[in-house]
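Here is what each chain is made of, one letter per residue.
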Amino acid sequence: MKPELFDKAITNLPDRYIEEALQTAPGKKRHLYKGLGLAAAVALCIGAGLFLPHLIGQRNAASDSKNGLSVIVYAAEPGETTANAIPLEKGIEVRTMEYSPLMSCVPAMPFSFSYGDTEDVTFRITSGTNGYLLKFRPTPDDSLTVSDSGLSLECGTGENIYWQPQEFEPDKYVLTVEVLKDGRICDTETISIRRSYDNFCYIATLEDTK
Amino acid sequence: MEDTEIINLFWARKEEAIDETSRKYGQLCHKIAWNILQNQEDAAECVNDSLLALWNQIPPNRPNPLKPYLCRIVRNNALNRFRNEHTRKKEHASVCLEELSECLPSRQSVDSALEADELTALITAFLDSLPKQKRVMFVKRYWLCESVQEIAKEFGISQRHASVILGRIRKKLYQYLEREEWI
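In this text, all values refer to a predicted model and were calculated from it rather than measured experimentally.

### Re the pairing of strand S12 (residues 202-206) of chain A
Residues and elements named next belong to chain A.
- Counting buried positions along S12 yields five of five residues, so the element is predominantly enclosed.
- Here two bridges tie strand S3 (residues 94-95) to S12, and the two strands are oriented antiparallel to one another. Across the sheet, Val94 pairs through a bridge with Ala204, a residue of S12.
- Examined bridge by bridge, strand S11 (residues 184-195) and S12 share five bridges and lie antiparallel to one another. Paired with Ile193 across the bridge in S12 is Ala204.

Shown next, in the form of structure tokens:
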């Protein structure tokens, strides 16, 4: 069967399922012990009274970060050849696609960037000397050719920048991302990458430098 | 603004209808387009095309409800755009589409709208038999093209757990279609 037929069949699912999925509130975990509900509610009220200012502060920080720099990385489980694009978050490690400088047929590991809803910014990515950055453009025969490369490259919103390690042994690689608006730096983040020693995956995280 | 008021604006051929739709559903549309295209610029263009398509379809149509109708247009536009794009952009959407197609091996018949309708009816019946949580996960993954990680986060479960649940649903769907002699 052609995948298109399945797409068509899925696309035509009744509206009620789409509405149901769109309306489902995210992040709701069910409590296993309903009997403890009242006690938990009381504790929560006391806790909220004590920590409300702190909680509000955290919420503001979270919403601020949503408006700020967002780094998309292509993550995959070991052995998988396809990847999911997901945003990097501070303190959360993401396993990238398998990559070996000598054996991989993929060019390198892609990252892309956005800055809230702002489009008129550029991103300057700088790699440590143990890594290398590349940009590709498609050719008419449907393959890719390197359009730019170096230790520091600039790109626009949603554009892919590819990173590849130049040395196999280092435990830590660093990419610095600077957001430039009208030629001035308005935000900076550091991506930390280390190699997973049980396979050819790399593990990326945003460093908590702020 | 209520959906009925927006639809009335479309019927009155007032361009304000586009603004109101964009204000109310723009973010949702962008998310669906982004889930499939994984590119800000393409997603933005896709949403604009979808709003134009909506403008062209209302009138004569009077969709009720509006939200899934619009989402369907966005999804169709994004998938068409995705298929027309070069292979570099194949990474994300192809994953969830291919996951599903693997439960449907090749069938020696000509694809047709009739076949798609028949398959839709079977999948609908299958989804009716699922508990709500699993049904929502299925639709989020294969209709809204959300990533497994995103779904896992929404349901407060691990990514591995979400993958396992989705894998089991696909397996059940395969068995169901086999029982129904569709495969």
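### Observations regarding the packing of helix H2 (residues 16-37) of chain B against helix H3 (residues 40-57) of chain B
All names here are of chain B.
- Between H2 and H3, whose axes approach to 8 Å, the crossing angle comes to 135 degrees. On the basis of the axis angle, H2 is oblique to H3. For the pair H2 and H3, the sense of crossing is right-handed. Residues Ile18, Thr21, Ser22, Cys29, His30, Ala33, Trp34 and Leu37 of H2 form the contact with H3, whose participating residues are Gln40, Asp42, Ala43, Ala44, Cys46, Val47, Leu51, Leu54 and Trp55.
- Residues belonging to the contact of H2 with H3 are distributed by class as follows: twelve nonpolar, four polar and one charged.

### Concerning the packing of aromatic side chains
- All chains considered together, the criterion is met by seven aromatic pairs over all chains.
- With a centroid separation of 5.6 Å and 45 degrees between ring planes, the pair formed by Phe126(B) and Tyr176(B) is classed as tilted. Taken together, the positions of Phe126(B) in helix H6 (residues 113-128) and Tyr176(B) in helix H9 (residues 159-179) put the pair 50 residues apart, joining distant regions of the chain.
- For Phe126(B), a relative accessible area of 3% corresponds to the buried category.
- By relative accessible area, which is 13% here, Tyr176(B) ends up buried.
- Aromatic ring contacts, followed pair by pair, group Trp163(A), Tyr173(A) and Tyr202(A) into a single cluster.

### Quick look at the packing of helix H2 (residues 15-23) of chain A against helix H7 (residues 132-142) of chain B
- Where H2(A) meets H7(B), the closest approach of the two axes is 9 Å, and the angle between their N-to-C directions is 95 degrees. Taken together, the axes of H2(A) and H7(B) are roughly perpendicular relative to one another. Contact residues: Tyr17(A), Ile18(A), Glu20(A) and Ala21(A) in H2(A); Lys132(B), Arg135(B), Val136(B), Val139(B) and Lys140(B) in H7(B).
- When its residues are assigned to classes, the contact of H2(A) with H7(B) shows five nonpolar, no polar and four charged.

### What to know about a negative patch on the surface
- Taken together, Asp117(A), Glu119(A), Asp120(A), Asp182(A) and Glu41(B) make up a surface patch of like negative charges.
- Here Glu41(B) lies in helix H3.

### So, the pattern of salt bridges
- In this structure the tally under the stated criterion is 17 salt bridges over all chains.
- The closest approach of N and O atoms between Arg124(A) and Glu154(A), which form a salt bridge, is 3.9 Å. Here Arg124(A), found in strand S5 (residues 122-127), pairs with Glu154(A), found in strand S8 (residues 152-155); they are 30 residues apart in sequence, far enough to count as distant.
- Residues Lys140(B) and Glu146(B) are paired through a salt bridge, measuring 3.9 Å at the closest nitrogen-oxygen approach. Glu146(B) shares its class with Lys140(B); the two are buried.
- Linked by salt bridges that have partners in common, Lys31(B), Lys140(B), Glu146(B), Glu150(B) and Glu154(B) make up one network.

### What about the confidence of the model for chain A?
Residue and element names in this part refer to chain A.
- When pLDDT is averaged along chain A, the result is 71; 60% of the residues meet or exceed 70.
- Within chain A, S5 carries the highest mean pLDDT (92), whereas helix H3 (residues 37-67) carries the lowest (42).
- Low pLDDT, under 50, characterises residues 26-66; the predicted model gives this stretch ten contacts beyond four residues in sequence or across chains.

### Topic: the sheet that holds S11(A)
- An order of S3-S12-S11-S10-S5-S8 (chain A) is seen for the six strands of this open sheet, with the pairing classed as antiparallel. The sheet is open, and its two borders are formed by S3 and S8 of chain A, each paired with just one other strand.

### Some remarks on the nonpolar core
- Core analysis: the biggest nonpolar cluster contains 68 residues, and Leu54(B), Ile123(B), Leu127(B), Phe138(B) and Trp143(B) have the highest contact counts within it.
- For this core, the element with the highest residue contribution is helix H4 (residues 66-84) of chain B, accounting for nine residues.
- The residues touching Trp143(B), leaving out its near neighbours within four places in the chain, are Ile10(A), Thr11(A), Leu13(A), Ile18(A), Pro68(B), Cys71(B), Arg72(B), Arg75(B) and Phe138(B).
- Residues Phe111(A), Tyr115(A), Tyr173(A) and Leu175(A) belong to the second largest nonpolar core, which totals 28 residues.

### A few points about unusual backbone geometry
All names here are of chain B.
- In the segment running from Ile58 into Pro59, the intervening peptide bond is cis, with an omega of -15 degrees.
- Tracing the backbone through its elements, the reader meets Pro59 in the loop between H3 and H4.
- Backbone torsion omega between Pro59 and Pro60 reads 15 degrees, so that peptide bond is classified as cis.
- Within the secondary structure, Pro60 is located in the loop between H3 and H4.
- Positive phi outside glycine occurs at Arg13, with the angle close to 55 degrees.
- Counting through the fold element by element, Arg13 comes out in the loop between helix H1 (3-11) and H2.
- With a relative accessible area of 36%, Arg13 lands in the partly exposed category.

Rules behind the numbers
Residues numbered from 1 in each chain as written. Chains lettered and ligands numbered in written order. Predicted model: local features only at pLDDT ≥ 70, side-chain atom pairs only at ≥ 80, totals over all residues. Heavy atoms only, no water. Buried < 20%, exposed > 50% of the residue type's maximum accessible area, 1.4 Å probe, protein only. Helix = DSSP H or I, 4+ residues; strand = E, 2+ residues; numbered from the N terminus. Pairing = 2+ DSSP bridges. Axes fitted to C-alpha atoms, helices over the stretch in contact; angles between N-to-C directions. Parallel < 35°, antiparallel > 145°, perpendicular 65-115°, else oblique. Left-handed = near helix turned anticlockwise from the far one by under 90°. Contact = heavy atoms within 4.5 Å. Nonpolar A, V, L, I, M, F, W, Y, C, P; charged D, E, K, R; others polar. Phe/Tyr/Trp six-rings, centres within 6.5 Å; stacked < 30°, edge-to-face > 60°. Patch = residues over 30% accessible without salt bridge, like charges linked within 9 Å, V, L, I, M, F, W, Y side chains within 5 Å. Areas by Shrake-Rupley, 256 points an atom, 1.4 Å probe, with all protein chains shown as cover. Salt bridge = Lys/Arg side-chain N within 4 Å of Asp/Glu carboxyl O. Lys, Arg positive; Asp, Glu negative; His and termini not counted. Charge placed at Lys NZ, Arg CZ, Asp CG, Glu CD. pLDDT = per-residue confidence, 0-100. Core = buried A, V, L, I, M, F, W, Y, C linked by side-chain atoms within 4.5 Å.

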